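# Fold and geometry: a report
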Amino acid sequence: MADNNHSHFQHPYFVLMGIPGLEQKYYWIAFPLGAIYVIALFGNGIIISTIKSESSLHIPMYYFLCMLALADMGLALCTLPSMLGIFWFNYKSIAFDSCLVQMYFIHTFSAIESGVLVAMAFDRVVAIWNPLRYGTIITNGVVCRAGTVILTRAVCVVFPVPFLIKRLPFYHSNILSHSFCLHQDVMRLACASTRINSLYGLIAVIFTKGSDSLSILLSYVFILRAVMAIASGEGRLKALNTCVSHICAVLIFYVPLIGLSVIHRFGKHLSPLTHVLMANAYLLVPPVLNPVVYTVKTKEMRKKIIQIFVQTKITAEG
């Protein structure tokens, strides 16, 4: 009878975990954490506004970069309320339904970013493999359709996840391991079989990040073959240099993601601090570093941003 009464019970809220062992230093952690969010939102916002305002940047490569910046801003905004709530106000509770909403958007924006990285890899393949036909293959229409496919895939694949979680009973612990809601973290607290959740989660990961990582790898196989066919060493270096920013973005996204997945699967014996830091890196590192990488490595973007700052300074002084 007790099990039957609990079969549909859910906690009204979850308790989020900050950084274990550093509770007394949250006030000091809040300042660099706030600075990280400011850098992420401001940096990606600058990239989006620069691409939007400068007609010379209205080309497919920068449209894909704009999509990446939007995905990064989405990831940052998903975790901003709960992270700052913990470290600024020591408020650790999150309503059950709010947790599901946050979970949905975190995984959706993550899937969008993965898809955009694939589209950017395809863009580089065409630019290096067949540069003379680049303008006829990668058109604005192709970019628009690619963006629609990426968004639709992410929304549809992640959509069942909150509903699969909501059907589960939760009547024991309601303490999560991170400062935000992730599917794996919430699922482990369920007091019933999570086989369906685990199976669907695996399928979703394979269909999104698994296939995306394989596509990116194959893209660089084609790129390297095309580069090796270039006669001059200077030409090879120039061609590879156009891929440096994208390679950095791929590593920035996939290294923390793979690390978090490995820790969740095989690192149960590791300290809670390790799990927390890896999860934070997975969601905070890409939004912060991607704008820096593309600003430093892309001459046109760097030039336009410098012009904006100079004009802003002149206007303020005037």
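Before reading further, recall that the structure is shown in the block above.
A brief report on the enclosed structure follows. (Residues numbered from 1 in each chain as written. Predicted model: local features only at pLDDT ≥ 70, side-chain atom pairs only at ≥ 80, totals over all residues. Heavy atoms only, no water.)

## Some details on the overall build of the protein chain
Inclusion rule: Strands here mean DSSP runs of E at least two residues long; helices mean DSSP runs of H or I at least four residues long; both are numbered from the N terminus. Atoms considered for the radius of gyration are the C-alpha atoms alone. The globule rule reads 2.2 Å times the number of residues to the power 0.38. Classification of residues uses two cut-offs on accessible area relative to the type maximum, computed with a 1.4 Å probe and protein chains only: under 20% is buried, over 50% is exposed, and between them is partly exposed. By definition, residues are in contact when any of their heavy atoms lie within 4.5 Å. For accessible areas, the Shrake-Rupley method is used with a probe of radius 1.4 Å. Any residue's cover is judged against the shown protein chains and nothing else. Positive charge is attributed to Lys and Arg, negative charge to Asp and Glu, and no charge count is given to His or to the chain ends. Charged side chains are reduced to one point each, which is NZ for Lys, CZ for Arg, CG for Asp and CD for Glu.
Helices and strands together make up the secondary structure of the protein chain, namely 13 helices and 2 strands. A globule of 318 residues ought to have a C-alpha radius of gyration of about 20 Å, and the protein chain, at 22 Å, matches this closely. Projected onto its principal axes, the C-alpha positions of the protein chain cover 75 × 50 × 35 Å. A burial count over the protein chain gives 45% of its 318 residues as buried. Relative to all contacts within the protein chain whose residues are 6 or more apart in sequence, the contacts with residues 24 or more apart total 80%. As displayed, the protein chain has an accessible area near 16600 Å², and 71% of this comes from carbon and sulfur atoms. Computed over 23 positive and 12 negative side-chain charges, the separation of the two mean positions in the protein chain equals 6 Å.

## Describing the packing of aromatic side chains
Short version of the rule: Centre distance within 6.5 Å is the pairing criterion for rings of Phe, Tyr and Trp, where only the six-membered ring of Trp is used; planes under 30 degrees apart are then read as stacked, over 60 as edge-to-face, and the remainder as tilted.
For the coordinates displayed, the defined rule picks out 9 aromatic pairs. The structure contains a cluster of three or more aromatic residues connected by ring pairs, namely F14, F96 and F170.

## Some remarks on a positive patch on the surface
We count it as follows: Each patch is built from residues that are more than 30% exposed by relative accessible area and take part in no salt bridge. Like charges join if they lie within 9 Å; nonpolar side chains (Val, Leu, Ile, Met, Phe, Trp, Tyr) join within 5 Å. A carboxyl oxygen of Asp or Glu within 4 Å of a side-chain nitrogen of Lys or Arg is what we treat as a salt bridge.
A contiguous patch of positive charge, built from K297, K299, R302 and K303, is present on the exposed surface. No other element matches the 3 residues that helix α13 (residues 299-317) contributes to the positive patch. Of note, K297 is situated in helix α12 (residues 272-297). Judged by its relative accessible area of 39%, K297 is partly exposed.

## Section: helix α3 (residues 60-89)
To be explicit about the condition: Between the first and last residue of a helix there are one fewer steps than residues, each counted as 1.5 Å, and that sum is the expected span. Two axes define the bend at a residue: one fitted to the seven residues ending there, one fitted to the seven starting there, and the bend is the angle between them.
The end-to-end C-alpha separation of α3 is 43 Å, in line with the 44 Å expected for 30 residues at 1.5 Å each. Of all the bends found along α3, the most pronounced is centred on L80 and spans about 45 degrees, while P81, a proline, follows it within four residues. Burial of α3 is extensive: 22 of the 30 residues sit out of reach of the surface. In the stretch just after α3, N90 is the one whose phi turns positive, near 55 degrees.

## Considering the state of the cysteines
Filter applied, for reference: Two cysteine sulfurs form a disulfide in these notes if their separation is within 2.5 Å.
By the definition in use, this model includes 1 disulfide. The disulfide partner of C99 is C181, and the S-S distance across this bridge is 2.0 Å. Here C99 and C181 share a disulfide; its torsion about the S-S bond, -125 degrees, makes the bridge left-handed. Of this pair, C99 sits in helix α4 (residues 96-129) while C181 sits in the loop between α7 (160-166) and α8 (183-187), and the two are 82 residues apart along the sequence. Overall, the relative accessible area of 0% leaves C181 in the buried class. Lacking any disulfide linkage, C156 is separated from the closest cysteine sulfur, that of C144, by 17 Å.

## Things to note about the pattern of salt bridges
All told, the structure shown has 4 salt bridges when counted by the stated rule. Of the charged contacts in the structure, one is a salt bridge between D97 and K166, with a shortest N-O distance of 2.9 Å. With a gap of 69 residues between them, D97 in helix α4 and K166 in helix α7 connect regions that are remote in the sequence. Taking the shortest distance from any N to any O, the salt bridge between R188 and D185 comes out at 2.8 Å.

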